Amino acid sequence: MPTLTHLQRLESESIHIMREVVAEVERPVMLYSVGKDSAVMLHLAKKAFHPSTPPFPLLHVDTTWKFQDMYRLREKAARDAGMELLVYQNPEAIARGINPFDHGSLHTDLWKTEGLKQALDEYGFDAAFGGARRDEEKSRAKERVFSFRSANHRWDPKNQRPELWKLYNARKAKGESIRVFPLSNWTELDIWQYIHLEQIEIVPLYLSAPRPTVIRDGLILMVDDHRFPLRDGEEVRMRSIRFRTLGCYPLTGAVESEATTLTEVIQEMLLTTTSERQGRAIDHDQSASMEKKKQEGYF
Amino acid sequence: MANDIYKTDELIARDIDAYLEKHQHKTMLRFITCGSVDDGKSTLIGRLLYDSKMIFEDQLAVLEADSKRVGTQGQEIDFALLVDGLAAEREQGITIDVAYRFFATDRRKFIVADTPGHEQYTRNMVTGASTADLAVILIDARKGVLTQTRRHSYLAHLVGIRNIVLAINKMDLVDYDRARYDGIIGDYRAFADQIGVGSFQAIPISGLKGDNITSKSDATPWYQGPTLLEYLETVEIDQTRMIERPFRMAVQWVNRPNLDFRGFSGQIASGWIKPGDAVRILPGSTTSTVARIVTLDGDLSEAGAGQSVTLTLADEIDCSRGQVITPADQPLEVADQFEATIVWMAEEPMIPGRAYIMKIGTTQATVTVTDEKYQVNVNTMAHEPGKTLALNGIGVCNIATSKAIPFEPYAENPDLGGFILIDRLNNATVGAGMIHFALRRSHNLPWQTIDVDRTAHAAIKNQQPRLLWLTGLSGSGKTTIANLVEKKLHAMGRHTFLLDGTNVRQGLNKDLGFTDADRVENIRRIGEVAKLMTDAGLIVLTAFISPFRSERRMVRQLFPKGEFVEIFIDTPIEVAERRDQKGLYEQARRGDLKNFTGIDSAYEPPEAPEIRIDTTRLSAEEAAEAIIESLSMSF
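Reading the values: rules and limits
- Residues numbered from 1 in each chain as written.
- Chains lettered and ligands numbered in written order.
- Predicted model: local features only at pLDDT ≥ 70, side-chain atom pairs only at ≥ 80, totals over all residues.
- Heavy atoms only, no water.
- Helix = DSSP H or I, 4+ residues; strand = E, 2+ residues; numbered from the N terminus.
- Buried < 20%, exposed > 50% of the residue type's maximum accessible area, 1.4 Å probe, protein only.
- Contact = heavy atoms within 4.5 Å.
- Areas by Shrake-Rupley, 256 points an atom, 1.4 Å probe, with all protein chains shown as cover.
- Pairing = 2+ DSSP bridges.
- Axes fitted to C-alpha atoms, helices over the stretch in contact; angles between N-to-C directions.
- Phe/Tyr/Trp six-rings, centres within 6.5 Å; stacked < 30°, edge-to-face > 60°.
- Salt bridge = Lys/Arg side-chain N within 4 Å of Asp/Glu carboxyl O.
- 1 Å grid on protein atoms, 1.4 Å probe; cavity = no way out; pocket = protein on both sides within 12 Å on 5 of 7 lines; lining within 4 Å.
- Points joined across faces, edges and corners; volume = space filled by probe spheres on them.
- Core = buried A, V, L, I, M, F, W, Y, C linked by side-chain atoms within 4.5 Å.
- Expected span 1.5 Å × (residues − 1).
- Polar contact = N/O pair within 3.5 Å; in protein donor to acceptor, adjacent residues only side chain to side chain.
- Parallel < 35°, antiparallel > 145°, perpendicular 65-115°, else oblique.
- Left-handed = near helix turned anticlockwise from the far one by under 90°.
- Nonpolar A, V, L, I, M, F, W, Y, C, P; charged D, E, K, R; others polar.
- pLDDT = per-residue confidence, 0-100.

A. Fine view of the overall build of chain A. Of regular secondary structure, chain A possesses 8 helices and 10 strands. Scored against the burial criterion, the 299 residues of chain A give a buried share of 64%. When contacts within chain A are restricted to residue pairs at least 6 apart in sequence, those whose partners lie at least 24 apart make up 72%. When the accessible surface of chain A is split by element, carbon and sulfur atoms take 48% of a total near 11000 Å².

What follows is the structure in structure tokens.
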């Protein structure tokens, strides 16, 4: 028997985690954000339960402001997996017309943080798979694989359960829920290598192409649809760009790049000098901001 | 310099495919770092991340700003800030939990568990060590081997880590003095022998200055060994050990997409398997052969330790989560009493006799500590007597589980010998344990043959023992009827005993609530007590709601055929609720009383009771008469 490689070990661990959840909780769901981590997570779910269809639905907490390419892949990926796709949009955010241009951090709070809580409550999910990795951000380095949330979805860093060996304690009281992170031990490079090796379909935006852009507040933003209001003096220019991380298009900064294939992207990533989350506007305030977000219930 | 070791930038730029091909065959090493508060642990890890270019420019900018603001190194970069994650602990200046860090070289991917060093957090270190292949134990060269060093080494050894690196840090502060270094190694060796650590690798380093971390230091010409990173990259991971052991796979999940497919999914704990291999399912005596090893990428011709797979078997047999698949000729031991080391992780102490939930492999059982043999003082390694275990306490205990568990000693197979303990009320993980051995095998445990046996007990009372099990909703009249039956039997000169809520719930079972789990345990205990009483020759009456069929069946199975008499006190819920003498239904309807049978907890009526009493047609007196009569008393 050959020794398992690091990717094989990671894959096997993630599958083990997913099966534990399905065996021990009543109503699991997989949070599917259409990003590269979600793509890997979905692929692992197919592996974990084959020949069964993964025994849980996909949930996309939508903000209506994602890239059009993401919406396209979302439908296709769910269809290919044969899984039910639930799309949730916070009705309050719809009613108030919350958008990233006028509402700043309220946009994330209402669409994502509140939207996620509402969706979990509405469907009564007691466990939600998320694609977060411990290497993404400092406060995530201490996150458990099984992260407990109180009945009002709060994360209490002082009250998390120790995780020993492969033994995950999934017991909980009524109303409590678990966020489960099967990719906890993967790094960004692992994700890319795995996508490459397993030929997993990802949103084309990860690969470079000429796209309409403006530069605003130091970020290269893509003008993905007609809702993008131009400020005085701004002009839309075609630039060869790609994205290292995908979210709401008005909040996600691109990098200029000529990497049009997956291996070229990996190559650029390995030679690059800025971290992945830098493209996300919400992290810039202070280095502990993610932790605050998490306590409030942001995934 | 660092680039040469960690990332071959040149190869990445020139031939990315070659680079990726190379990196797909990397192995993985998980290690923990342990040290006291000021040993420079965070600085060392920060340095490894920094030198491995895992720190990007934007993070570096934050780091530089933070270093000036809250750092302890003046205007220099404070590497420790890279790893001290949570805001609260940053303010306190200490790490308070287990954090996982990642870096990679050309040869290996590394996962570092950063565990805190101070005493109250033994829990965290054991947690971090449980998944580690290797431990880096930091020693401050100025201070030498301290109590904490001993504690960390003992804990690493306890959890089964075979690879220990003694990183003698802050060598710059002792002028790279070789005698000092050798002295510390001597001290440590004496201690290591004492606790059974066979070998270790000592390395003189400076986390702050970078000596012997990624490249050999000019300041220690007298040191010929590997740098820390060299050692981590090349140390043999004990990967072959588990694959060479017999095949074991705990079933996690039964995969049933349709009626034609029944697969058993799990992660292989040890050994390897191929189609055609004869297997046994434990606990139990079922055997079969492996038909297929099913994966999304097609069937495998073999699979081994560490892989997550789905097996199908040649025969249609019962096999469910918690059972373990083994080779037919190399089964596991199955037992329900063990000696184990327990590490306590909760504020509320471990109490012998209290029931906890044990999770081991993929199975759960109720467990109690029957005897605490001794506690280990982690500072002196002394064995001390104890009655309980406090937070961070370590004790060697005898434990008893509610059901037979297939296992292997922890030292041989951590997946099948390591367990966690869960509090039954708040579901917290309160302890971790490692099985040493089974105290006796439960499956061949004979009851002691005693001359005065149950027949003798019954004979002297001139009666046939019986268990009259009354079941029905709250307010159905069980207790009233049971009392009347007992009075009548007593008048007939029979030796009886009535078990009901008043004499059981307030004593034997006062630790139990009304959750489903507690209800199950409640009935189990009553069944066992009733069994002892019938062994003593008594006619036992019980009056409990006992809502679940499976528990009533479980009790029935404890008794010889004919001895268990199920009596269904059949009262429709509307009638019972109308009576509601204690006002319980009203409380339950208001939501003040949770898990109330018939309201928000199910009642499963008996399907074939020996006796059925319709209380809408019979008075209590008539019901009691009817019971006595239909028993056609052979007492």
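B. Spatial organisation of the overall build of chain B. Assigned secondary structure in chain B consists of 21 helices and 27 strands. For chain B, with 635 residues in total, the buried portion stands at 56%. For chain B, long-range pairs separated by at least 24 residues make up 72% of all intrachain contacts whose partners lie at least 6 apart in sequence.

C. Representation of the sheet that holds strand 4 (residues 134-140) of chain B within the structure. As summarised here, the arrangement of the 6 strands in space is 2-3-1-4-5-6 (chain B), forming an open sheet in which the pairing is mixed. Both edges of this open sheet fall to strand 2 (99-104) and strand 6 (201-204) of chain B, since each of them pairs with a single strand only. The average angle at which neighbouring strand axes cross in this sheet is 25°, direction not considered. Packed onto the sheet, helix 1 (residues 6-24) of chain A meets strand 1 (27-34) and strand 3 (108-114) of chain B and runs at close to 75° relative to strand 1 of chain B.

D. Structural view of the packing of aromatic side chains. Residues and elements named next belong to chain B. By the definition in use, this model includes 27 aromatic pairs over all chains. Where Phe31 meets Phe110, the ring centres are 6.2 Å apart and the plane angle is 80°; that geometry is what we call edge-to-face. Taken together, the residues Phe31 in strand 1 and Phe110 in strand 3 connect sequence positions 79 residues apart. Per residue, the accessibility class of Phe31 equals that of Phe110, and both read buried. Considering the side-chain rings of Tyr188 and Phe200, the 4.9 Å spacing of their centres and the 85° angle between planes classify their relative orientation as edge-to-face.

E. Region of interest: the pattern of salt bridges. Scanning the entire structure with this criterion turns up 57 salt bridges over all chains. Two residues, Lys359 of chain B and Glu24 of chain A, come together in a salt bridge whose shortest N-O distance is 3.2 Å. Of this pair, Lys359 of chain B sits in strand 17 (residues 355-360) while Glu24 of chain A sits in helix 1, placing the two residues on different chains. Looking at Lys359 of chain B, the relative accessible area reads 1%, which means it is buried. The partner of Asp511 of chain B in a salt bridge is Arg525 of chain B, with the nearest N and O atoms 2.9 Å apart. Here Asp511 of chain B is found in the loop between helix 16 (501-504) and helix 17 (516-535), whereas its partner Arg525 of chain B is found in helix 17, with 14 residues between them in sequence. Using a relative accessible area of 13% as the deciding quantity, one classes Arg525 of chain B as buried. Linked by salt bridges that have partners in common, Glu11, Lys47 and Glu198 of chain A together with Asp297 of chain B make up one network.

F. Main features of helix 4 (residues 41-51) of chain B. Helix 4 of chain B sits mainly inside the fold: 10 of its 11 residues count as buried. Within the span of helix 4 of chain B, buried status applies to Lys41, Ser42, Thr43, Leu44, Ile45, Gly46, Arg47, Leu48, Leu49 and Asp51 of chain B.

G. Expanded view of the pairing of strand 3 of chain B. Residues and elements named next belong to chain B. Within strand 3, 7 of the 7 residues are buried, leaving the element largely enclosed by the surrounding structure. Side-chain alternation along strand 3 places Arg108, Phe110, Val112 and Asp114 on one buried face and Lys109, Ile111 and Ala113 on a second face that is also buried. The sheet contact formed by strand 1 and strand 3 spans 7 bridges and is parallel. Residue pairing across strands places Thr33 opposite Asp114, the latter belonging to strand 3. Summarising the sheet, strand 2 and strand 3 pair through 6 bridges and their orientation is antiparallel. Bridged to Arg101 within strand 3 is Val112.

H. Structural view of empty space enclosed by the protein. As enumerated under the stated definition, the model contains 8 cavities of 30 Å³ or more in all. Considered as a void within the structure, the second largest cavity measures approximately 170 Å³ in volume. Forming the walls of the second largest cavity are 14 residues, and the residues nearest its centre are His16 and Lys166 of chain A together with Ala250, Gly361 and Asp415 of chain B. When contributions to the lining of the second largest cavity are tallied by element, the ones reaching two or more residues are strand 9 (261-270) and helix 13 (414-417) of chain B.

I. Focus on the sheet that holds strand 25 (residues 539-543) of chain B. Residues and elements named next belong to chain B. Taking strand neighbours across the sheet as the criterion, the 5 strands line up as 24-25-23-26-27 in an open arrangement whose pairing is parallel. What marks the edges here is a single partner per strand, and that holds for strand 24 (496-500) and strand 27 (611-614). Between one strand axis and the next, the sheet turns through 20° on average, direction left out of account. Contacting strand 26 (564-570) and strand 27, helix 21 (residues 620-630) crosses the sheet at an angle of about 165° to strand 27.

J. Summary view of the nonpolar core. Grouped together as the largest cluster of nonpolar side chains are 157 residues, with contacts concentrated most on Phe146 of chain A together with Phe31 of chain B. If you tally residues by element for this core, the top one is helix 2 (residues 36-49) of chain A, at 8 residues. Excluding residues that lie within four positions of it along the chain, Phe31 of chain B makes contacts with Leu48, Phe103, Phe110, Ile111, Val112, Ala113, Ala132, Leu134, Val136 and Leu232 of chain B. In this structure, Ile342, Trp344, Ala346 and Ile399 of chain B belong to the second largest nonpolar core, which totals 23 residues.

K. Broad picture of the environment of Phe419 of chain B. Residue and element names in this part refer to chain B. Summarising the element assignment, Phe419 is placed in strand 21 (residues 418-422). What makes Phe419 buried here is its relative accessible area of 0%. Separated by 79 residues in the primary sequence, Phe419 and Ala340 have C-alpha atoms spaced 9.8 Å apart.

L. Focus on helix 10 (residues 178-195) of chain B. Residue and element names in this part refer to chain B. In a regular helix each residue adds 1.5 Å, so 18 residues correspond to 26 Å; helix 10 covers 26 Å between its end C-alpha atoms and thus fits that length. Two or three places before Ala179, at the opening of helix 10, Asp177 has a side-chain oxygen 3.1 Å from that residue's backbone nitrogen. Gly196 occupies a position one or two residues after helix 10 and carries a positive phi of about 95°.

M. Region of interest: the packing of helix 6 (residues 188-198) of chain A against helix 7 (residues 262-271) of chain A. Residue and element names in this part refer to chain A. At a minimum axis distance of 10 Å, the contact between helix 6 and helix 7 shows a crossing angle of 165°. Comparing the axis directions of helix 6 and helix 7 gives the class roughly antiparallel. Note that helix 6 runs across helix 7; the crossing there is left-handed. For the pair formed by helix 6 and helix 7, the contact residues are Glu188, Leu189, Trp192, Gln193, Ile195 and His196 on the first element and Leu262, Thr263, Val265, Ile266, Met269 and Leu270 on the second. Counted by class, the contact of helix 6 with helix 7 contains 8 nonpolar, 3 polar and 1 charged residues.

N. The confidence of the model for chain B, seen in detail. Residue and element names in this part refer to chain B. Predicted confidence across chain B gives a mean pLDDT of 85, with 88% of residues reaching 70 or more. Within chain B, the lowest mean pLDDT, 42, falls on helix 1 (residues 2-6), and the highest, 97, falls on strand 7 (residues 248-250). When the criterion is pLDDT under 50, residues 1-7 qualifies, and its contacts beyond four places in sequence or with other chains add up to 25 contacts.

O. Fine view of the pairing of strand 6 (residues 177-180) of chain A. Residues and elements named next belong to chain A. Of the two faces of strand 6, the one lined by Ser177 and Arg179 and the one lined by Ile178 and Val180 are each fully buried. Pairing between strand 4 (residues 127-129) and strand 6: 3 bridges, direction parallel. Looking across to strand 6, one finds that Ala127 is bridged to Ile178. Two strands pair when backbone bridges link them, and strand 5 (residues 146-149) and strand 6 are joined in this way by 4 bridges, in the antiparallel orientation. For Ser147, the partnering residue across the bridge sits in strand 6 and is Arg179.

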